[in-house]
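In case you want the letters, here they are:
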Amino acid sequence: MTAETTSTSRIAVVTGAGTGIGRAAALALLGDGWSVALAGRRAETLQAVADESGAGSRVIAVPTDVADPQSVEALFATAVKQFGRVDLLFNNAGTGNPPGPFEDWTAQQWKGVVDINLNGMFYCIQQAFRTMKAQSPRGGRIINNGSISATTPRPNSIAYTATKHAVQGLTKTASLDGRKYDIAVGQVDVGNAMTAMGGRMANGVPQANGEIAVEPVIDVDIVGRSVLYMANLPLEANVLFHTIMATKMPFVGRG
């Protein structure tokens, strides 16, 4: 345990932290006094977030490929070495669908989505469990980034939607299995946040009837504040599923 770590420190690991929702959540946590290990594939974007935060020794950038279990193991080992423990995993890293209709995809394109959105989620949950159940005080919190696509899919989204259905299963089962270790597991489902992935909604996206329609979006920082709210709950309380979305997006009803 490093000298700056105290018994009241709150330590988080955020995957996909260089951009989008991961960046917003990491900055929200750092702004609230958390120490954060930023994980992602591009070192330069992680370092940019660390610099922007102004958090000094409370933030470290750890280049990580979540699809590689050894890389994930190294991420958690680095976080523990630097900060002494892990209190929170924001399991956020993900990718969208390959281009074009799915009947034209290669097997490798399909596996590429599964490797990040499902296998990567599992590797991070697994390593978080190993870390949290062994530390003292025991326990911690995991927040998985799901999607409203697991409830209501969009056209041409079969890989993304299938993996986000699977994330719901990971969340429910890990929540159950975490009880005996004082590990709380929940999920945030985001609808139309202004990110590189979600920002296309403002330019028009396909609807179920074949039309192209512009959809409302929300500032991604609102999602970051939602993650912070969940993160700051006491471990005896858990938000199992939290949906944060643009109020007027066509999600419920007929749009």
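Refer to the preceding data block for the structure.
(A) Fine view of the overall build of the protein. Looking only at helices and strands, the protein features six helices and nine strands. Relative to the 2.2 N^0.38 estimate, which gives 18 Å for 255 residues, the radius of gyration of the protein is 18 Å and therefore close to what a compact globule would have. A buried classification covers 49% of the 255 residues belonging to the protein. Within the protein, counting contacts between residues at least 6 apart in sequence, those at least 24 apart form 69% of the total.

(B) Just the sheet that holds strand β9 (residues 241-245), in detail. Pairing in this open sheet of seven strands is parallel, and the strands run β3-β2-β1-β4-β5-β6-β9 from one edge to the other. Strands with a single pairing partner mark the edges of an open sheet, and in this sheet they are β3 (59-63) and β9. Strand after strand, the sheet turns through a mean of 15° between neighbouring axes, direction not considered. Inspection of the sheet shows strand β2 (residues 35-40) paired to β3 by five bridges, in the parallel sense. Bridge assignment links Gly 40 to a residue of β3, and that residue is Pro 63. Strands in contact with helix α3 (residues 69-83) are β1 (11-15), β2, β3 and β4 (88-91); relative to β3, the strand with the most contacts, it is inclined by about 160°.

(C) Examining the pattern of salt bridges more closely. For the structure shown, the criterion picks out four salt bridges. Here Arg 138 and Asp 182 are joined by a salt bridge, their closest N and O atoms 3.0 Å apart. Separated by 44 residues along the polypeptide, Arg 138 in the loop between α4 (107-134) and β5 (140-145) and Asp 182 in the loop between α5 (158-178) and β6 (183-191) bring together distant segments of the chain.

(D) The side chain of Gln 168, seen in detail. Within the element layout of this structure, Gln 168 appears in helix α5. The contacts of Gln 168, once residues within four sequence positions are left out, are Ala 150, Thr 151, Gln 187 and Phe 241.

(E) Highlighting the nonpolar core. Of all hydrophobic cores here, the largest spans 38 residues; its most connected members are Leu 29, Trp 34, Val 36, Leu 38, Phe 90, Ile 143 and Val 188. Looking at this core, the elements that each hand over two or more residues are β1, α1 (20-31), β2, α2 (43-53), β4, β6 and α6 (220-231). In terms of residue count, α1 provides more of this core than any other element does, seven residues in total. With residues up to four places along the chain from it excluded, the contact list for Val 36 reads Ala 12, Val 14, Ala 26, Leu 29, Leu 30, Arg 58, Val 59, Ile 60 and Phe 83. With 28 residues, the next largest nonpolar core counts Leu 75, Ala 93, Ile 125 and Ala 128 among its residues.

(F) Representation of α4. Over its 28 residues, α4 extends 38 Å from the first C-alpha to the last, a length consistent with the 40 Å expected when each residue adds 1.5 Å. Of all the bends in α4, the greatest, near 40°, is centred on Asp 115.

(G) How the structure looks around the packing of aromatic side chains. Evaluation of the coordinates by the stated rule reveals three aromatic pairs. Ring geometry for Phe 129 against Tyr 181: centres 6.3 Å apart, planes inclined by 85°, an arrangement best described as edge-to-face. Of the two residues, Phe 129 sits in helix α4 while Tyr 181 sits in the loop between α5 and β6, which places them 52 residues apart along the sequence. Taking the relative accessible area as the measure of exposure, Tyr 181 reaches 21% and is therefore partly exposed.

Cut-off values and rules
Position labels on residues start from 1 in each chain and follow its written sequence. Totals for whole chains, interfaces and linings use all residues, but because this is a predicted model, local features are given only for residues with pLDDT of at least 70 and pairs of side-chain atoms are given and counted only at 80 or more. Side-chain descriptors were evaluated using all non-hydrogen atoms of the structure, hydrogens and water having been removed beforehand. Secondary structure elements follow DSSP: runs of H or I of four or more residues count as helices, runs of E of two or more count as strands, with numbering from the N terminus. Each radius of gyration is computed over the set of C-alpha atoms, and the globule rule expresses the reference value as 2.2 Å times the number of residues to the power 0.38. Buried, partly exposed and exposed residues are distinguished by accessible area as a fraction of the type maximum, computed with a 1.4 Å probe on protein chains only: under 20%, between the cut-offs, and over 50%, respectively. The contact definition used throughout considers only heavy atoms, calling two residues in contact when any of these lie within 4.5 Å. Two strands pair under a simple rule: DSSP has to find at least two bridges between them. For every element, the axis is a line fit to its C-alpha atoms; helices are fit only across the contacting stretch, and the angle between N-to-C directions ranges from 0 to 180 degrees. When a carboxyl oxygen of Asp or Glu is within 4 Å of a side-chain nitrogen of Lys or Arg, the pair counts as a salt bridge. Grouping buried Ala, Val, Leu, Ile, Met, Phe, Trp, Tyr and Cys residues that are joined through side-chain atoms within 4.5 Å yields what is termed a nonpolar core. By this rule the span expected of a helix is its residue count minus one, scaled by 1.5 Å. Bend at a residue means the angle formed by two fitted axes: the first through the 7 residues ending at that position, the second through the 7 residues beginning there. Each aromatic pair joins two rings of Phe, Tyr and Trp (for Trp, the six-membered one) with centres within 6.5 Å, and gets the label stacked for planes under 30 degrees apart, edge-to-face for over 60, and tilted for any other angle.

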